[in-house]
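Chain by chain, the residues run as shown.
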Amino acid sequence: MVGGEGTSAAAEELVKGTRQAAEFAEQFRAYSESEKHWKARMEFILRHLPDYQDGPNGGGRLDRLLALSMVWANHLFLGSSVNTKEDFSNFHHAVE
């Protein structure tokens, strides 16, 4: 048997953590957001969440991530684009 009980416990922890992260992100879903749009935006949020955790004093970093996720989704699904090279540069650096 490959992995044994330790692998099973690790897999269960991973699934539990993933489920908790998805439940956390669900509170940010817009009422009018389709399932397709939400799945993509939730993946964006979860992928970048570690980089945008608010510190103990707040700071609004989570709000910034949520705003960026909306801009990204609009760009992806609606074809919204930035108007200038400077806007693109700012958006690109913000998402990194």
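Residues numbered from 1 in each chain as written. Predicted model: local features only at pLDDT ≥ 70, side-chain atom pairs only at ≥ 80, totals over all residues. Heavy atoms only, no water.

Operational definition: UniProt positions are given in the numbering used here, feature names are shortened, and annotations may be inferred rather than shown by experiment.
Where an unreviewed UniProt entry is consulted, the protein appears under the name CDKN2AIP N-terminal-like protein, with the organism given as Phascolarctos cinereus. For the protein, the Sequence similarities (unreviewed entry) comment in UniProt is given as "Belongs to the CARF family."

**Brief notes about the pattern of salt bridges**
Where we set the bar: Whenever a carboxyl oxygen of Asp or Glu lies within 4 Å of a side-chain nitrogen of Lys or Arg, that contact is scored as a salt bridge. Categorising residues by exposure relies on relative accessible area from a 1.4 Å probe, with only protein chains included: less than 20% of the type maximum marks a residue as buried, more than 50% marks it as exposed, and the intermediate range marks it as partly exposed. Only DSSP runs of H or I with at least four residues qualify as helices, and only runs of E with at least two residues qualify as strands; both kinds are numbered from the N terminus onward.
Here the structure, examined in full by the defined rule, presents four salt bridges. A salt bridge links glutamate 26 to arginine 29, with the nearest nitrogen and oxygen atoms 4.0 Å apart. On the basis of relative accessibility, which here comes to 27%, the residue arginine 29 falls in the partly exposed class. For glutamate 35, the salt bridge goes to lysine 39, with nearest N and O atoms at 3.5 Å. Placement of the pair is glutamate 35 and lysine 39 together in helix 2 (residues 35-48), with a separation of four residues, close to one helical turn. By relative accessible area, which is 42% here, glutamate 35 ends up partly exposed. Overall, the relative accessible area of 40% leaves lysine 39 in the partly exposed class. Among the charged side chains, a network of salt bridges with common partners joins Glu26, Arg29, Glu35 and Lys39.

**A closer look at helix 3 (residues 61-78)**
Test applied: Expected span of a helix: the number of residues minus one, times 1.5 Å. Working definition: the arc comes from the directions between the helix axis and the C-beta atoms, pointing outward to the latter.
Counted at 1.5 Å a residue, the expected span for helix 3 with its 18 residues is 26 Å, and the 25 Å between its end C-alpha atoms agrees. Residues Leu62, Leu65, Leu66, Leu68, Ser69, Trp72 and Ala73 constitute the buried set of helix 3. End-on, the buried residues of helix 3 take up no more than an arc of 160°, which puts them together on one face. The outward face of helix 3, more than 90 degrees from its buried face, is lined by the exposed residues Asp63 and Leu78.

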